[in-house]
Every structure is written in structure tokens, then in C-alpha cells.
Amino acid sequence: MRLLVLGDVVGRAGRTAVATHLPRLVERWSVDFVAINGENAAGGFGITEEIAQGLLDAGADVITTGNHVWDQREALVFIARQPRLLRPINFPPGTPGRGATMVTARNGARVFVANVMGRVFMEALDDPVRLVEAALEQHAIGSEVDAAILDVHAEATSEKQVFGHLFDGRVSLVCGTHTHCPTADHRVLPGGTAFITDLGMCGAYDSVIGMEKEEPMRRMVERVPGQRMGPATGPATLCGVAVETDDATGLARWIAPLRVGGDLEGAVPPGWQERS
Ligand code: FE2
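Cut-offs used in this document
- Residues numbered from 1 in each chain as written.
- Predicted model: local features only at pLDDT ≥ 70, side-chain atom pairs only at ≥ 80, totals over all residues.
- Heavy atoms only, no water.
- 1 Å grid on protein atoms, 1.4 Å probe; cavity = no way out; pocket = protein on both sides within 12 Å on 5 of 7 lines; lining within 4 Å.
- Points joined across faces, edges and corners; volume = space filled by probe spheres on them.
- Helix = DSSP H or I, 4+ residues; strand = E, 2+ residues; numbered from the N terminus.
- Nonpolar A, V, L, I, M, F, W, Y, C, P; charged D, E, K, R; others polar.
- Contact = heavy atoms within 4.5 Å.
- Donors = N, O, S within 2.8 Å, 3.2 Å for Na, K, Ca; no water.
- Tetrahedral: all angles 85-135°; square planar, octahedral: opposite > 155°, others 65-115°.
- Buried < 20%, exposed > 50% of the residue type's maximum accessible area, 1.4 Å probe, protein only.
- Axes fitted to C-alpha atoms, helices over the stretch in contact; angles between N-to-C directions.
- Parallel < 35°, antiparallel > 145°, perpendicular 65-115°, else oblique.
- Left-handed = near helix turned anticlockwise from the far one by under 90°.

Q: Honestly, empty space enclosed by the protein in this entry has me stumped. Any pointers?
A: Vacant regions in the atomic arrangement are exposed by a probe of water-molecule size rolled over the atoms. Considering all chains together, one arrives at one cavity of 30 Å³ or more under this definition. In this structure, the largest cavity occupies an estimated 40 Å³ of space. In terms of lining residues, the largest cavity is bounded by Val5, Leu6, Ala35, Ile36, Asn37, Thr64, Asp151, Cys175, Thr177 and Leu199. Those elements giving two or more residues to the lining of the largest cavity turn out to be strand 1 (2-6), strand 2 (33-37) and strand 7 (173-177). Counting residues per element, the lining of the largest cavity draws most heavily on strand 2, at three residues. A per-class count over the lining of the largest cavity returns six nonpolar, three polar and one charged.

Q: Which parts of the structure should I look at to understand the environment of Gly44?
A: Structurally, Gly44 is set in the loop between strand 2 and helix 2 (49-58). Considered as a pair, Gly44 and Met211 are 167 residues apart in the sequence and their alpha carbons are 7.2 Å apart. With residues up to four places along the chain from it excluded, the contact list for Gly44 reads Val10, Gly11, Met211 and Pro231.

Q: Would you take a moment to explain the coordination of the iron ion for this structure?
A: Distances from the iron ion to its protein donors, Glu39 (OE), Asn67 (OD1), His153 (NE2) and His178 (ND1), fall within 2.0 to 2.3 Å. Each of the four donor atoms around the iron ion contributes to a set of angles spanning 85 to 168°, which defines the coordination as irregular. Site description for the iron ion: donor spacing in sequence, E-x27-N-x85-H-x24-H. With Glu39 in the loop between strand 2 and helix 2 and His178 in the loop between strand 7 and strand 8 (187-188), this residue pair connects regions lying 139 residues apart in the sequence. Of the two residues examined, Glu39 and His178, each falls in the buried class.

Q: Please clarify how the packing of helix 1 (residues 11-29) against helix 2 should be interpreted in this entry.
A: Packed helices, taken two at a time, are described by the angle between their axes plus the distance between the axes. Two elements in contact, helix 1 and helix 2, have axes separated by 9 Å at closest approach and are oriented at 20°. With respect to each other, helix 1 and helix 2 are oriented roughly parallel. Of the two possible hands of crossing, helix 1 and helix 2 adopt the one that is left-handed. In this structure, helix 1 contributes Arg15, Val18, Ala19, Leu22 and Pro23 to the contact, and helix 2 contributes Ile51, Leu55 and Ala58. Partitioned by chemical class, the residues of the contact of helix 1 with helix 2 number seven nonpolar, no polar and one charged.

Given below as C-alpha cells:
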């Protein structure tokens, strides 16, 4: 089956890129399932119910998040009635929402998505490995589910790569998010899991990780905060990966980068080009 997984949507520019390109790509390439990280979708900080619905309407099947999930306080409430919105699985017990879910894809396949947050250079949370292990126990690819995606929202490239190797052979894709820069190390690991250290963001790249560059530059030079940071408004690049999985095993056949629009050089999955 065909998975499209997009990185962190940043602000209006990122949302516009998703709304402009995603429906067309899903249709043109007969994409079966779309996951997208939406934790920076509302002005760079968090996600509102309306924005979450907008991403789902554009073609997302599941929205993952990370450290910014509660920046818009309404998310603490509406996440209970939006089962397709995930927050990291290793938040403390009793945290609203859920860190993993199973969704039926467009082709009828069962797709499991889990969202976990790293602990290196991030806030102290529950053991991410143990909680992902527990979540995957009942969701083996090739039997209980047809495909599985693990979004590792983490700062350190090393931690994200550890997750790739730990779960190689047990999920279809391990993808890193949070650092907002696409890495070029997408590949299928020896056990058959597709991997990329970071998907990159869906946002304006003439920026500092999606935010207007002036304030971060000023803070770096002058060492005192000035204005509130806001998302960059220039043309945005839709950024992520395409993965084709084996229907019998749920493992990856290949992974390819996807970059559409904005300042980054375009990239289209070669295996899907002929269908365009
Ligand atoms: Fe983040």
C-alpha cells in the first residue's frame, strides 16, 4: 500500500501548502494513507480543533504532535473527541488523548500509528521505548495490522536513529519529526522498516525552522528576548516521504522523499511518477 507521511506543518504557510497540494497528490497517486505532524500548525504553536479538521479534510488520516501539542489550550479538551489526533504516548498516565491509534485506510487496510517523544535535550517523560513496545505488542504488522507508522518527535538525530534500529522489522516506517529540516538518509533498514531521521517541515524555508527569521537572529546576537516569534509567511514546501509497503508483510518496499512547492528543490517519488 501507499503511505504519505508529512512533517511538521508550521503556521498558515504550511497549512496552505497542505491544502493546496495534498488533495491533488492523494488523488493522482492513489495514496492509501496519510499521516501528518500538526503540532506547529496554529501560528507555530499547537493546533486548534478547526485547524485539525482542516488537515483531515485535506486528506490526512492521522495527525501526530509532540512537545507543542498543548500550546493551544483547547487541544486539552477537543482531543477527547478527535480520535485521529495523537499526542506523545509517553506523557504521564491520565494525560488527555491517546498516543496511538488504528485507522482504516482508503483501501480498507488497517494502519496503526504511534507518536512518541524523545528525551534527549527535551523534557523528562516516561520511557519511550517501553511504551512503544507495549503499543506494538497487539499490533503486529502482517497479522493484526497491515501497516504501522512510528513518529519519533525528538531533538537528537542519534535518538531518532536508535528508534529506527530498535523497531526495524516491526513497523513499516520510523520517521523523525521536530527539527524541521529534511534529512537525506531515507532508506529501508535491514529488517524491512523504512526510516528517515527527520521528515522536514511543511512550512516556509526562508525562515528559522519555520518562524520569521528576524527575531531568532536578534535573540542569538543580543541575548535578550524582544518580540514574540511568529511563523514565516513566504511560500512553503510540502515536505515528507512516500513509502510503498508489501501488502502481505507490512514492511517497506521503498521510501522516497517528497518535496513540493516553496524554496526547496522538488522531489517526487520515482515509482509514482508514471502515474502522474
Ligand atoms: Fe516539536
